[in-house]
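One letter stands for each residue in the lines below.
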Amino acid sequence: MSKYGKEIFIGTTPVVIAFLIYMGVNIVPIVFMTAILGIFFYMSRARGGMGVGGSSERKSRSRPPVYMTFDDIGGQDRAKRELREALDFLIRADDIQRLGIRPLKGILLTGPPGTGKTLLAKAAAHYTNSVFLAASGSEFVEMYVGVGASRIRDLFKEARSRAAKDNKDSAIVFIDEIDVIGGKRDGGQHREYDQTLNQLLTEMDGIHTAQTPRVLVIAATNRKEMLDSALLRPGRFDRQIEVDLPDKKGRLHILRIHAKNKPLAEDVDLEIVARETFQFSGAQLESVMNEAAIYAMREEAEAISQKHLTLAVDKVMLGEKTDRESTQEERERVALHELGHAIAAEVLRPRSVAQVALSPRGKALGYVRHNPQQDQYLYTKEQIEHQIMIALGGAVAEEMFYGSRSTGSRNDFEQALGMVRTMMDAGLTRLGIVDREMATKERLMEENRAILEELTEATRKLLEERRPVFEQSLELLIREETLSGDEFRKLLQQCDKKSIA
Ligand code: ADP
């Protein structure tokens, strides 16, 4: 009914005015008064929307209530347990007071993006029956001095008033990207952020003086080392919880959660997907399930099948297939490059190649898909060397057939250099156990060069011995665009047999 209130008002007003004129009533004072009242009404509404902090107030008010529970978050068992333990401090407020324990004011969640930090904060609000307000560090960055600080003040004020309105004892204020306002202060220079950060610290210090509602700040960052030490002092964010990328069990759990509302075909095995998605974040896994559903829809399929999931993993990992047209020569070069990776991979890690493909995806023109391996967090020197050789395989193959490299190896080299750095940091090189900061640049460069040269040489030897494999698979790969792992292995074995005979 109220939906049509405005229309009814507009419709009846002229009728009433016409009636009053007809009756001979002087309507000038009435119109005048109505106009003044109308202006007041609109001004007060506009001020509510425009005032500092007002807009964030409106934004968070319009947010639907959150019903996120810890069960809706996959994996992260340790983070969930630690968070629940910390939150029990909020719930058992009477015991805390009786024993004189300092109330908990801030919890810092640290970890890579998309791992579920926001979800954890929402679940925390549900667990403690608190109102939930969210803001992001970047919302407080403004050109004008004092605006950020006053937004912080408004945020806490709103937290208290909303808790009072909803009859709740506590409020949780979630601040994402806290590093934007809580970055290290560089001293001397006056920065606007300083005021914002100071205001946040003041609000946090003041939290315990107001008994109810209790306010708990949960902040998230993926760059903890950037934070100002003032934020990490006891009595501020003195609880820190790491939220890591999920392990295989966690990934399976997350996939199952996001599969709940989707029809899955009989052949779907989420275990395989979980195995294939090492180092994926929760957000990426959610994206895999979503993309798989989109592939199913494109095919007008009744349910999502394993094939759709495999395509979705590729898409999230490598980007969407593109229609880029390439010349015959480019395709040949890319094919040889990918075969270089694939041969090195299969020789060094037998049965590891799942597919060699020429179809361009994202920025890559071709790719080699590897069979899922066990999650691994510890590598031996030999394993890293093998990985470097696999990465170098593409460039070495191009050199073998064209005498030169191309820009297509840039990513491979970045990977290889990253792995050399890991080796140095782990004391696996001739430098022994060193801090890279302490060694001279020349010494590091020399060792870097030596390692990469040795491994390039070893890769060249390995690939030269299998030159016929390139020659035989090239045409097939260009024609078919993809070779399955088994097809590729057959070609490799045939050549190996011939060379032995
Ligand atoms: P962060 O705050 O760490 O950057 P979010 O909590 O915003 O990440 O997560 C983004 C999205 O990713 C969520 O909306 C959810 O769909 C998905 N997601 C991330 N982690 C998980 C998880 N552990 N369980 C289920 N879904 C997850």
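What you see is a predicted model, and the numbers here were worked out from it, not measured in a lab. (Residues numbered from 1 in each chain as written. Predicted model: local features only at pLDDT ≥ 70, side-chain atom pairs only at ≥ 80, totals over all residues. Heavy atoms only, no water.)

Brief notes about the pattern of salt bridges
And then number 1: Summed over all chains, the structure comprises 33 salt bridges.
And then number 2: Here D425 and R436 are joined by a salt bridge, their closest N and O atoms 2.9 Å apart. Within this pair, whereas D425 is found in helix α17 (residues 410–425), its partner R436 is found in the loop between α17 and α18 (441–464), the two being separated by eleven residues in sequence.
And then number 3: Take R436: its relative accessible area is 30%, and that puts it in the partly exposed class.
And then number 4: For the salt bridge of R479 with E480, the shortest nitrogen-to-oxygen distance reads 3.9 Å.
And then number 5: Given a relative accessible area of 44%, E480 falls into the partly exposed group.
And then number 6: Bridged by salt links that share partners, the residues E346, R351, D486 and R489 form one connected network. (Salt bridge = Lys/Arg side-chain N within 4 Å of Asp/Glu carboxyl O. Helix = DSSP H or I, 4+ residues; strand = E, 2+ residues; numbered from the N terminus. Buried < 20%, exposed > 50% of the residue type's maximum accessible area, 1.4 Å probe, protein only.)

What about unusual backbone geometry?
Glycine aside, residues mostly have negative phi, and peptide bonds are mostly found in the trans state.
And then number 1: The backbone of Q76 shows a phi angle near 50°, a positive value even though the residue is not glycine.
And then number 2: With respect to the helices and strands, Q76 occurs in the loop between α3 (54–62) and α4 (77–91).
And then number 3: Using a relative accessible area of 11% as the deciding quantity, one classes Q76 as buried.
And then number 4: One non-glycine residue, N167, lies in the positive phi region at around 60°.
And then number 5: Relative to the helices and strands, N167 is located in the loop between α7 (147–165) and β3 (170–176).

Re the packing of aromatic side chains
And then number 1: In the structure shown here, the tally under the stated rule is three aromatic pairs.
And then number 2: Residues F132 and F174 carry aromatic rings whose centres are separated by 6.3 Å and whose planes lie at 20° to one another, so their mutual orientation is stacked. Highlighted residues: F132 in strand β2 (residues 131–136) and F174 in strand β3, separated in sequence by 42 residues.
And then number 3: You can call F132 buried: its relative accessible area is 9%.
And then number 4: F174 gets classed as buried once you look at its relative accessible area, which sits at 1%.
And then number 5: Its guanidinium or amino end placed over the ring of Y402, R333 lies 4.3 Å from that ring's centre, counting from NZ or CZ.
And then number 6: Sitting over the face of the ring of F401, R467 holds its NZ or CZ atom 4.9 Å from the ring centroid. (Phe/Tyr/Trp six-rings, centres within 6.5 Å; stacked < 30°, edge-to-face > 60°. Lys NZ or Arg CZ within 6 Å of the ring centre and 35° of its normal.)

Quick notes on the packing of α4 against helix α6 (residues 117–127)
Packed helices, taken two at a time, are described by the angle between their axes plus the distance between the axes.
And then number 1: At their nearest, the axes of α4 and α6 sit 10 Å apart, and the two run at 40° to each other. Here α6 runs oblique to α4, going by the angle between their axes. Both α4 and α6 take part in a crossing whose hand is right-handed. Side by side, α4 and α6 meet where A79, K80, L83, R84, L87, D88 and I91 of the first sit next to L120, A124 and Y127 of the second. (Axes fitted to C-alpha atoms, helices over the stretch in contact; angles between N-to-C directions. Parallel < 35°, antiparallel > 145°, perpendicular 65-115°, else oblique. Left-handed = near helix turned anticlockwise from the far one by under 90°. Contact = heavy atoms within 4.5 Å.)

With respect to the packing of helix α16 (residues 381–402) against α18
And then number 1: Axis separation between α16 and α18 bottoms out at 8 Å; the angle between their running directions is 65°. In this structure, α16 crosses over α18, and the sense of that crossing is right-handed. Contact with α16, carried on its side by E385, I388, M389, L392, G393, V396, A397, E399 and M400, involves L452, L455, T456, A458, T459, R460, L462, L463 and E464 of α18 and no other residues of that element.

Quick notes on the nonpolar core
And then number 1: With 43 residues, the main nonpolar core has I343, V356, I388, L463, F470 and F488 as its most contacted residues.
And then number 2: At the level of secondary structure, the elements contributing two or more residues to this core comprise α15 (328–348), β6 (353–357), α16, α17, α18, α19 (467–480) and α20 (485–500).
And then number 3: Element by element, the count of residues in this core is highest for α15, at nine residues.
And then number 4: Excluding anything up to four places from it in sequence, L463 contacts G340, I343, A344, G393, V396, A397, M400 and F470.
And then number 5: Grouped together as the second largest cluster of nonpolar side chains are 26 residues, I152, I181, V215 and A219 included. (Core = buried A, V, L, I, M, F, W, Y, C linked by side-chain atoms within 4.5 Å.)

Side note on the environment of E480
And then number 1: Relative to the helices and strands, E480 is located in helix α19.
And then number 2: In this structure the C-alpha to C-alpha distance between E480 and L358, which are 122 residues apart in sequence, comes to 8.8 Å.

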